[in-house]
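Spelled out from the first residue to the last, the chains are:
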Amino acid sequence: MISNTNGNVQQQHQQHELTHGSREEDFRERLPDVRTTVTRQIKSLCSIAFVRNRIHVLQWLPNYRPRYLISDIIAGITVTLTAIPQSIAYGILANLQPQDGIYSNLVGCFMYFLFGSVKDVTVAPTSIMAIMVQNVVLELGPGAALLTLLAGLVTLAFGVLNLGILVRFISIPVITGFTTAACLTIGSAQLRSLFGISSKGKSSDFIDAWENVIENIGQTRLWDTVLGFSSIGFLVIFKLTKDCGSPGAWKKFFKYLSLLRNALVVVIGAGLAYAFSRNGSEPFKLTGHVEPGVPQFHVPPFSINNNGTYYSFPDMLRVMGTSIISIPLVSILEIISIGKAFSKDKMVNATQEMIALGACNVAVAFFSPLPVAGSFTRTAINSSSGVKTSLGCAVTTAMLLLALALLTDAFYYIPKATLASVVISAMIFMVDYRGFVEIWRVKKLDILVLLGTMIACVFLGLDYGILVGIAINCCFLLYLMAAPKMFTKHLYLDGVNVVLLKPATDLTFSSAEYLRDRVMRIVTEGLEGPVDLVILEGTSVNFVDTTVVKNVANIQTDLQTRGIALVLWQWSPHTAAALVRFDRNFLICMENDRDLTTIVEKWKTCCNELKRC
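Residues numbered from 1 in each chain as written. Predicted model: local features only at pLDDT ≥ 70, side-chain atom pairs only at ≥ 80, totals over all residues. Heavy atoms only, no water.

On to the overall build of the protein, then. Looking only at helices and strands, the protein has 28 helices and nine strands in total. Looking at the 613 residues of the protein, the share that counts as buried comes to 51%. Long-range pairs, those at least 24 residues apart, make up 79% of the contacts in the protein with a sequence separation of at least 6. Carbon and sulfur atoms form 61% of the exposed surface of the protein, whose accessible area is close to 29200 Å². (Helix = DSSP H or I, 4+ residues; strand = E, 2+ residues; numbered from the N terminus. Buried < 20%, exposed > 50% of the residue type's maximum accessible area, 1.4 Å probe, protein only. Contact = heavy atoms within 4.5 Å. Areas by Shrake-Rupley, 256 points an atom, 1.4 Å probe, with all protein chains shown as cover.)

Further remarks concern the packing of helix α7 (residues 127–140) against helix α9 (residues 172–189). Where α7 meets α9, the axes come as close as 10 Å, and the angle between the chain directions of the two elements is 70°. In this view, α7 runs roughly perpendicular relative to α9, as classed from their interaxial angle. Both α7 and α9 take part in a crossing whose hand is left-handed. Contacts between α7 and α9 involve Ser 127, Ile 128 and Ile 131 from the first element and Phe 178, Ala 182, Thr 185, Ile 186 and Ala 189 from the second. For the contact of α7 with α9, the class distribution of residues is six nonpolar, two polar and no charged. (Axes fitted to C-alpha atoms, helices over the stretch in contact; angles between N-to-C directions. Parallel < 35°, antiparallel > 145°, perpendicular 65-115°, else oblique. Left-handed = near helix turned anticlockwise from the far one by under 90°. Nonpolar A, V, L, I, M, F, W, Y, C, P; charged D, E, K, R; others polar.)

Taking burial as the measure, the five residues of strand β7 (residues 533–537) include five buried ones, the bulk of the element. Here β7 shows a buried face lined by Leu 533, Ile 535 and Glu 537 and a second buried face lined by Val 534 and Leu 536. Pairing of β7 with strand β8 (residues 565–569), which is carried by five bridges, proceeds in the parallel orientation. In the sheet register, Glu 537 faces β8, and the bridge partner there is Trp 569. Note that the unit made of β7, helix α26 (residues 546–561) and β8 has a crossover that is right-handed. (Pairing = 2+ DSSP bridges. Right-handed = clockwise from strand over helix to strand, strands pointing away.)

With that settled, consider the pairing of strand β5 (residues 486–493). Two strands pair when backbone bridges link them, and β5 and strand β6 (residues 496–503) are joined in this way by eight bridges, in the antiparallel orientation. Note on β6: the bridge partner recorded for Leu 491 is Val 498. Between β5 and β6, which pair antiparallel and follow one another directly, the connecting turn spans two residues, one of which, Asp 494, has a positive phi of 55°.

Right, let's talk about the confidence of the model for the protein for a bit. In regions of low pLDDT, the predicted coordinates are not meant to be interpreted in detail. For the protein, mean pLDDT is 83; residues scoring 70 or higher make up 88% of the total. In the predicted structure, residues 1–25 sits below a pLDDT of 50 and forms 49 contacts with residues beyond four places in sequence or in another chain. (pLDDT = per-residue confidence, 0-100.)

In this section: unusual backbone geometry. A positive phi angle, near 65°, is found at Asn 95, a position not held by glycine. As for its placement among the helices and strands, Asn 95 is situated in the loop between α5 (68–93) and α6 (98–115). Take Asn 95: its relative accessible area is 27%, and that puts it in the partly exposed class. One non-glycine residue, Asn 307, lies in the positive phi region at around 55°. Along the chain, the position of Asn 307 falls in the loop between β2 (304–306) and β3 (309–311). In this structure Asn 307 comes out as exposed when scored by relative accessible area, which is 70%.

Another point: α7. Taking 1.5 Å per residue as the helical rise, α7 with its 14 residues ought to reach 20 Å, and the 20 Å between its terminal C-alpha atoms agrees with that figure. Counting buried residues in α7 gives eleven out of 14 residues, a clear majority hidden from the surface. Inspection of α7 places Ser 127, Ile 128, Met 129, Ala 130, Ile 131, Met 132, Val 133, Gln 134, Val 136, Val 137 and Leu 140 among the buried residues, and these make up the whole buried set. A positive phi of about 60° marks Gly 141, the residue just after α7. (Expected span 1.5 Å × (residues − 1).)

Okay, the environment of Ile 186 next. Its location among the elements puts Ile 186 in helix α9. On the basis of relative accessibility, which here comes to 0%, the residue Ile 186 falls in the buried class. Taking the C-alpha atoms as reference, Ile 186 lies 6.7 Å from Ile 131; in sequence the two are 55 residues apart. In contact with Ile 186, other than residues within four places in its own chain, are Leu 93, Ser 127, Ile 128, Ile 131, Val 423 and Met 427.

Quick look at the layout of surface pockets now. The volume enclosed by the second largest pocket comes to roughly 720 Å³. Forming the walls of the second largest pocket are 34 residues, and the residues nearest its centre are Asn 95, Leu 96, Gln 97, Pro 98 and Asp 100. When residues of the lining of the second largest pocket are traced back to their parent elements, those giving at least two are α6, α7 and α10 (191–195). The element that contributes the greatest number of residues to the lining of the second largest pocket is α6, accounting for four residues. (1 Å grid on protein atoms, 1.4 Å probe; cavity = no way out; pocket = protein on both sides within 12 Å on 5 of 7 lines; lining within 4 Å. Points joined across faces, edges and corners; volume = space filled by probe spheres on them.)

Over its 16 residues, α26 runs 23 Å from end to end, which matches the ideal 22 Å to within 8%, given 1.5 Å per residue. By the burial criterion, the buried members of α26 are Val 548, Val 549, Asn 551, Val 552, Ala 553, Ile 555, Gln 556, Asp 558 and Leu 559. Where the residues of α26 are buried, they touch α25 (509–525), β7, β8 and α27 (573–582). Of the residues flanking the end of α26, it is Gly 563, one or two places downstream, whose phi is positive at about 70°.

All right, on to the nonpolar core then. With 101 residues, the main nonpolar core has Tyr 112, Ile 128, Met 132, Ile 186, Met 320, Phe 411 and Leu 462 as its most contacted residues. Looking at which element gives the most residues to this core, the answer is helix α16 (residues 323–342), with ten residues. Core analysis: the next-biggest nonpolar cluster, separate from the first, contains 33 residues, Val 531, Val 534, Leu 568 and Ala 578 among them. (Core = buried A, V, L, I, M, F, W, Y, C linked by side-chain atoms within 4.5 Å.)

Aromatic ring pairs are defined here through the distance separating the ring centres and the angle between the ring planes. Counted according to the given criterion, the structure contains twelve aromatic pairs. Judged by centre distance (5.1 Å) and plane angle (75°), the rings of Tyr 412 and Tyr 413 are edge-to-face. One aromatic cluster is present, built from ring pairs that chain together Trp 60, Tyr 64, Tyr 68, Phe 110 and Phe 113. The ring centre of Trp 440 lies 5.0 Å from the NZ or CZ of Lys 444, which sits over that ring. (Phe/Tyr/Trp six-rings, centres within 6.5 Å; stacked < 30°, edge-to-face > 60°. Lys NZ or Arg CZ within 6 Å of the ring centre and 35° of its normal.)

Overall, the coordinates contain three salt bridges when judged by the stated rule. For Arg 221, the salt bridge is made with Asp 224, and the minimal N-O distance between the two is 2.6 Å. Residue classification places Arg 221 among the partly exposed residues on the basis of a relative accessible area of 29%. Two residues, Arg 516 and Asp 558, come together in a salt bridge whose shortest N-O distance is 3.0 Å. In this pair, Arg 516 sits in helix α25 while Asp 558 sits in helix α26, placing the two residues 42 residues apart along the sequence. Judged by its relative accessible area of 22%, Arg 516 is partly exposed. Of the residues examined, Asp 558 reaches a relative accessible area of 18% and is grouped as buried. (Salt bridge = Lys/Arg side-chain N within 4 Å of Asp/Glu carboxyl O.)

Here it is as structure tokens:
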């Protein structure tokens, strides 16, 4: 029935609704049985099935086929040839020892072999992880292992609590802006090594890196510069020619030459350095001594004395700052994005990937301060090499151990300019140039999010920058929630001036006042003449909260003072029940009749009854 300004008529219709029988308990909110839910979760955590699902190797290893072995071995060896120079480069980039990068790669690969759910993914130190910890390493030294441990525990907690939903708040424009800024920052940090400049500068941030190069340009070493730019040219050319050649042997030759380009350029650079050293000259700045042997187990320190300065646990937390949260967020984003890219349309278990990544970094923290994440380059090599299972990661682990045992003397001669060229060339192809065009073409407003994220990352740092990008995105989201689209239609039915208002989405506390203001503005302005009836359609409203319900009640009161009736049309039982729990009088103004003309006729009947009264 329809609400009216007369209280007696309302009471009559309320009595009519009650006699038709809806009992009060029909409108009670059904709360979940917390005890049953918690008990069920505890039982599942203690079950063998849970352990089998989380230690993912237990799922695929019993079904392993011998024919997979050759493919996994080839893929593991191929990945190792790229992993060694990149791991050394990222170890140096993070202000650590060269072997620390290999230690992180070795431990991370082995843990992902146990827990990872995407066969193609390779976990290793990445340029972004290196750049995000380098300032912490400068201040805390080996104490930065605590940051890796805490980041791993946070990531593990996200997985255990099934918080993969958090990744949804990081949009594509934020990802594109962050990736672009990271490429600029990482590439700028390598300019010093590319030119052979000895000065490290204040930090490796974008501005500081360029200031350091400009101020110390006089320290440029000719042969380092020549070798560095030649190596970049070599890497770019072989990256671009990977699809050259006619189908057949030549196409495969160029393909594998492209895959092995990082290893080739390092071997050539190390060979040149060794040849010059045999003649008593050293034209290049070299990597230097790499500690041989397996990585040593070290418990991450909770206090440390570094360069004569004592840092307690709270002091270490202060130095780490937002990195404790931003590193897990970025690494989760990387591994899930890479997993989706290489899973070939299969579903990626975000929870399992977070557990795997968390376990990787927790384990890495006891051997190296450099955290790991999903590596796009090495995952691409792993996939294109025909890997069949995660056993490829175990093969990479074994090959890295073998390299640490036998090849560390050769690592000494790798020029730093060559390693810098490996990083810079990777950054050139990591920038999503097509993403800029797509975002501009699809939604120009998203460019603001992209540019805001990129500028914040460049000038404030990557960890703060991604938080700024998420905040900008959330501001847009909050605006949409606070001012949802509402469709308004003015109808003239059977001599009655009707306003039909339909919210396009759910109503929350942030949009409650907006709804009320919108209704009263339409009624007050009366552009189509005096309004007799307001119909609020709820077909798209599946959620309301207390603030919304209270404001709907205020709308009804405001309209009654103007002699205007309110109808709540086609509200779902769930949302209607919330209104009735607040005030059972809402039963009177609810209508589910699909014909608006019938609703208007009911309203006119009520008005006639009021006149007779």
